[in-house]
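# Geometric and topological summary
The lines below spell out each chain.
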Amino acid sequence: MAQDSFDRLEASLLLCPQCRVAMPVRKRLLLILPQGNKFEYVCTRCGATCGDTLEPDQPPERRRYM
Ligand SMILES: [Zn+2]
């Protein structure tokens, strides 16, 4: 549930596991999946992966489950 609201954020700062502080991140396309594009957030300082997100082709608000 927290994951869902997190995905809506246009993340610019994320907690980096390496730097151990919130760092500016760069969004990088990781995978193209049938249900959307998977991106990962990479720390601009050390290059560690700080998180990832799956962006559906349609905006989540307009998507219907079922
Ligand atoms: Zn870092």
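No experiment lies behind these values; they were computed from the predicted model shown.

## Focus on the nonpolar core
Counting nine residues, the largest nonpolar core consists of Leu-14, Cys-16, Cys-19, Met-23, Val-25, Tyr-41, Cys-43, Ala-48 and Cys-50. For this core, the secondary structure elements donating two or more residues are strand S2 (22-33) and strand S3 (36-43).

## Focus on the sheet that holds S3
Hydrogen bonds between backbone groups are what pair the strands of a sheet, and the pairing can be parallel or antiparallel. Strand order across the open sheet formed by four strands is S1-S2-S3-S4, with antiparallel pairing between neighbours. The outermost strands of the open sheet, each flanked by one partner alone, are strand S1 (13-15) and strand S4 (49-55). Each strand of the sheet is rotated relative to its neighbour by a mean of 45°, with strand direction disregarded. Looking at chain direction, S1 and S2 are connected through three bridges and run antiparallel. For Leu-15, the partnering residue across the bridge sits in S2 and is Ala-22.

Criteria and cut-off values
- Residues numbered from 1 in each chain as written.
- Predicted model: local features only at pLDDT ≥ 70, side-chain atom pairs only at ≥ 80, totals over all residues.
- Heavy atoms only, no water.
- Core = buried A, V, L, I, M, F, W, Y, C linked by side-chain atoms within 4.5 Å.
- Buried < 20%, exposed > 50% of the residue type's maximum accessible area, 1.4 Å probe, protein only.
- Helix = DSSP H or I, 4+ residues; strand = E, 2+ residues; numbered from the N terminus.
- Pairing = 2+ DSSP bridges.
- Axes fitted to C-alpha atoms, helices over the stretch in contact; angles between N-to-C directions.

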